[in-house]
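The primary structure of each chain is shown beneath.
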Amino acid sequence: VISARAPAGSRVPTPPLLGLALVGVAATIVALVASTLPPGDGVRPPAAARVFLVASAAALVLVVALAPHRPGRWELLAVGLAALGGQAALTAVADPFVIAVVLVLIGFGHATRPSPRPFAGRARGPAFAALLLGLGWALAGTPGPAWLGRAGALALALSLAAAAGLLPYLPDVDAREPASSSYVAWAGFFGPALALTLPGRLHGLSPDEGTVFGAALVGLGLVNLGWGTVGAWRTASDAAAWRYSFLADWGLALTGIGLFRPAGLAGAYLALLSIVLVRLPLYVWARPALPGEERSRLGPLQVILIVLLAGAAPFAGFPIRLLVLQAATQAAWPLAIFLLLAMLLWIGHAPRLARTVTVPHGGAAAGLWLTLALSLGLGLAPGLLRAAGGL
Amino acid sequence: MHGLALAAAGLSWLGVTLLALSDERRGGALGLALAGLGLAAAEAATGSDPLAPAALGGGGLVAAALRLRGYRPARVALLSGSTPRLMGSIVVLVVVGLVGGVALGAPGGIVRLAAVAVSAVAVGRVLTTSRRWVSLAAGSVLALSLGAMGGLPAVVAGAVVAGALGAIDGGEAAEAR
C-alpha cells in the first residue's frame, strides 16, 4: 500500500507520497507550535531543535528550487516534506523508547526510496540504531550491577553513531545513488536532529552513566574526526571523499556534545546546523560530477569553496572550531592538541572537494552563492543563532 | 501471574525465533503474530492499562495479516543455513537471562527482558537477510518489542509502526521497480 515512490519516470508524487508529505508538514507545524505548550508535555522540542527544523526546511527549499539536475522536483519536495516530518517527530518526542520506534519507521520508510542498493541493506543501520537506543535506555533504567547502566550509556552513544551512519557503522557509498536515498539523508538530515535532542532526553542517567555517555561520544567524535579528515584526503573516490567529510563534521559535533561544556554544546549545535545548511547543499551541487569523477578548473569560486571547506574565517567552520577547542581546553587540554592536529589535516581535503563543484549557471548558480552566504552568516553571526537556540 | 508472564515471554521468544528461521512468508507471518501475542500476554500479566496488551496483540496480528498480502506458497519453509540463526536465538535468550536475571522477579521486568530478547533476535534477522519481506517482518517485531520496553505511549507507537511497516509492499518486485 505504501510504496512511497513514484513509478519510474514520473515527476508527480504518488498519492501515498503526497499523503506522507502532508503528514510531514502537519508534524513539523505541531512540533514548532508545541513550544507554546506548558513545560512537561510529551511533545516539546527544545529551542535548538526548533531552529534546526527551520534550517532544515530552508535547506529543503534551497535544494528543491535551485539544485542542478533535479528531475522529479515535485517528488523530491514531497519526499523532503515527509522527511521533515520525521525529523520533527525525532526532535519533539521526549521518551527514548518512542524515539527508537520512530527511528524504525523512518529507517524502513526511507529504505523504500529507489536506490541501486537493496532495501534490506539500507534498513540495517537505522534498525541497529533503534535497538541500541532501546537496549541502552532499558539497561540504564534496570536495577542491578553498575556495569549494566554503564553498558547502557555506551549503547546510547553508539546508537547516535549508528543512526547517522558514522564509524563504526559506515554504510556503502554509491555515487549513482540520489542524495535523498543515500547515506546523506541520515548523516545530513535525520542524524543531526537526533544528536541535537537525544542527550537532553536522557535525564534518567546517573552521573556515572552520564560520564560514560559523554566519554563515549568524545571517543567516537575523535575517531570520526581523524578518520574523516584523513579519509577525505586520501581516498581514491570523490564520492567517498564527500562521505568522509560528513564524518569529519560529525567528529567535531560529537566531541562538542560529549564534553558537556556550554562552549562545546554551542559548537556542536553550530556544526550540526552547518551540516544541514552548508555541507548537505554543497554535496548536492557536487553530485552531478561525482559518478564521472569530473574535476573543475581552479577558479575564483573554487578558491572561496576551499576557504569555506577548510573551516577558515569568515565561514561557518571557524566559530565551530573555536568553540570546540575552548571546551576541550576547559575539560582536558591534551585533547585540544589532537583537535588542532585534526583541524590542520582538515585543510588537506578542502581543495579536492572544492574541485568537484562545477561552476553552475542560472538558478543553480544562485543556489550555490546562497549556500556560501548561509555559511558566511553562520560564521559571522554565530551569537544570534546561539541565542535563538538557547545556547 | 508471574508464571503466566514467564510463559508469555517464552511465547514471544518462540515467535521471533520462528520468524528468524523461516524462509517462507507464512512462517514469518506466524512468527510475527506469535511474538506480538506473547508480548501482549506478558504485558497483560503485569496488570498494566488494558490498552497496552490490546495494542501489542492487535499490532502484531495486523502486521502479520498485511505481510501475507499477495502470498504464494513456496516449496521450502527452511533453507539450509538456518542453524546459525537458531543458535543465535538461543544465545540471545541465554545471555539476556544471565545478564538481566535480576529483573525476573517482577512481571514488569519480565516484559522488558522479553522485549530486549525479541528485539535483539529481530535485529539479528534484519542484519542478515537480503530479502525485503523478511526485513519488513523483522522490523515490525522490532517496533513492537521496542514499544513493549516503555510505557503506554511507546507501546501504542510501536503497534502503529508495526502495522505501518506491514503496509509497505514486501514483494521483491517492488524493489526492482
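Reading the values: rules and limits
- Residues numbered from 1 in each chain as written.
- Chains lettered and ligands numbered in written order.
- Predicted model: local features only at pLDDT ≥ 70, side-chain atom pairs only at ≥ 80, totals over all residues.
- Heavy atoms only, no water.
- Contact = heavy atoms within 4.5 Å.
- Salt bridge = Lys/Arg side-chain N within 4 Å of Asp/Glu carboxyl O.
- Helix = DSSP H or I, 4+ residues; strand = E, 2+ residues; numbered from the N terminus.
- Nonpolar A, V, L, I, M, F, W, Y, C, P; charged D, E, K, R; others polar.
- Patch = residues over 30% accessible without salt bridge, like charges linked within 9 Å, V, L, I, M, F, W, Y side chains within 5 Å.
- Areas by Shrake-Rupley, 256 points an atom, 1.4 Å probe, with all protein chains shown as cover.
- Buried < 20%, exposed > 50% of the residue type's maximum accessible area, 1.4 Å probe, protein only.
- Phe/Tyr/Trp six-rings, centres within 6.5 Å; stacked < 30°, edge-to-face > 60°.
- Expected span 1.5 Å × (residues − 1).
- Arc of directions from axis to C-beta.
- Polar contact = N/O pair within 3.5 Å; in protein donor to acceptor, adjacent residues only side chain to side chain.
- pLDDT = per-residue confidence, 0-100.
- Core = buried A, V, L, I, M, F, W, Y, C linked by side-chain atoms within 4.5 Å.

### A short note on the interface of chain B and chain A
- With 37 residues of chain B at the interface, the matching set in chain A holds 28 residues.
- Summed over the shared surface of chain B and chain A, the result is 0 salt bridges.
- When contributions to the side of chain B that touches chain A are tallied by element, the ones reaching two or more residues are α5 (107-128), α6 (132-149), α7 (152-167) and α8 (172-176) of chain B.
- The element that contributes the greatest number of residues to the side of chain B that touches chain A is α6 of chain B, accounting for 9 residues.
- Taken together, the residues of the side of chain B that touches chain A break down into 21 nonpolar, 9 polar and 7 charged.

### Quick word on a nonpolar patch on the surface
- A contiguous nonpolar patch, built from Trp333, Ile337, Leu341, Leu344 and Ile347 of chain A and spanning about 560 Å² of accessible area, is present on the exposed surface.
- As for its placement among the helices and strands, isoleucine 337 of chain A is situated in helix α13 (residues 333-346).

### Description of the pattern of salt bridges
All names here are of chain A.
- Summed over all chains, the structure comprises 9 salt bridges over all chains.
- Where glutamate 75 meets arginine 113, a salt bridge forms, and the shortest distance between an N and an O atom there is 3.2 Å. Placement of the pair is glutamate 75 in helix α3 (residues 73-92) and arginine 113 in the loop between α4 (96-111) and α5 (119-140), with a sequence separation of 38 residues. The pair glutamate 75 / arginine 113 is uniform in exposure class, with both members buried.
- We note a salt bridge from arginine 150 to aspartate 208, for which the minimum N-O separation is 2.7 Å. One end of the pair, arginine 150, is in helix α6 (residues 146-164); the other, aspartate 208, is in helix α8 (residues 207-234), and 58 residues separate them in sequence.
- Taking the relative accessible area as the measure of exposure, arginine 150 reaches 36% and is therefore partly exposed.

### So, the packing of aromatic side chains
All names here are of chain A.
- Going through the model one piece at a time under the given rule, you end up with 8 aromatic pairs over all chains.
- Taking the centre distance of 6.1 Å and the plane angle of 50° together, the rings of phenylalanine 108 and phenylalanine 119 count as tilted. A residue pair is termed long-range when its members are at least 10 positions apart, and phenylalanine 108 in helix α4 and phenylalanine 119 in helix α5 qualify at 11 residues. The two residues phenylalanine 108 and phenylalanine 119 agree in class, both being buried.
- Plain terms: the ring middles of phenylalanine 189 and phenylalanine 190 are 5.8 Å apart, the flat faces sit at 85° to each other, and that makes the pair edge-to-face.
- Note on phenylalanine 189: relative accessible area 9%, which makes it buried.
- Through successive ring pairs, a cluster of aromatic residues spans Tyr183, Trp242, Phe246 and Tyr283.

### A few points about unusual backbone geometry
All names here are of chain A.
- In this chain, leucine 167 is followed by proline 168 through a cis amide linkage whose omega measures 5°.
- Among the structural elements, proline 168 can be located in the loop between α6 and α7 (184-201).
- The step from alanine 313 to proline 314 runs through a cis peptide bond, and the omega angle for that step is 10°.
- Within the secondary structure layout, proline 314 lies in the loop between α11 (300-309) and α12 (317-331).

### Let's talk about α13 of chain A
Residues and elements named next belong to chain A.
- For α13, spanning 14 residues, the distance from its first C-alpha to its last is 20 Å, which sits close to the expected 20 Å at 1.5 Å a residue.
- Regarding α13, the residues found buried are Leu335, Ala336, Leu339, Ala342, Met343 and Trp346. Across the axial projection of α13, the buried residues extend over an arc of 125°, all falling on one side. Residues Trp333, Leu341 and Leu344 are exposed on α13 and point more than 90 degrees away from its buried face.
- Turning to α13, the residues buried within the fold contact α8, α9 (238-258), α10 (262-286), α11, α12 and α14 (350-354).

### Remarks on the side chain of glutamine 302 of chain A
Residue and element names in this part refer to chain A.
- Relative to the assigned elements, glutamine 302 resides in helix α11.
- A residue is classified by how much of its surface remains accessible, and glutamine 302, at 1% relative accessible area, is buried.
- A distance of 2.7 Å separates a polar side-chain atom of glutamine 302 from the backbone oxygen of valine 357.

### Quick notes on the confidence of the model for chain A
- With 93% of its residues at a pLDDT of 70 or more, chain A has an overall mean of 90.
- Contacts of residues 1-10 of chain A to residues separated by more than four positions or lying in other chains number 27 contacts, the stretch itself having pLDDT below 50.

### Points about the nonpolar core
Residue and element names in this part refer to chain A.
- Ranked by size, the top nonpolar core spans 180 residues in total, and within it Leu103, Val104, Phe108, Trp242, Trp250, Trp285 and Leu339 carry the most contacts.
- The element that contributes the greatest number of residues to this core is α10, accounting for 18 residues.
- Ignoring any residue separated from it by four or fewer positions in sequence, one finds leucine 103 in contact with Leu90, Pro126, Ala129, Ala130, Leu133, Ala163, Trp186 and Leu194.

### Thoughts on the side chain of histidine 349 of chain A
- Along the polypeptide, histidine 349 of chain A turns up in the loop between α13 and α14.
- Given a relative accessible area of 0%, histidine 349 of chain A falls into the buried group.

### A word on the environment of glycine 100 of chain B
All names here are of chain B.
- Mapped onto the fold, glycine 100 is located in the loop between α4 (83-99) and α5.
- Taking the relative accessible area as the measure of exposure, glycine 100 reaches 9% and is therefore buried.
- Measuring from C-alpha to C-alpha, the distance between glycine 100 and arginine 112 comes to 9.4 Å, with 12 residues separating the pair along the chain.

### Quick look at α11 of chain A
Residues and elements named next belong to chain A.
- Within the span of α11, buried status applies to Leu301, Gln302, Leu305, Leu308 and Leu309. Buried positions in α11, seen along its axis, are confined to an arc of 115° and lie on one side of it.
- Residues of α11 that are buried make contact with α9, α10, α13, α14 and α15 (362-380).
- Immediately downstream of α11, the backbone of glycine 311 shows phi near 80°, a positive value.

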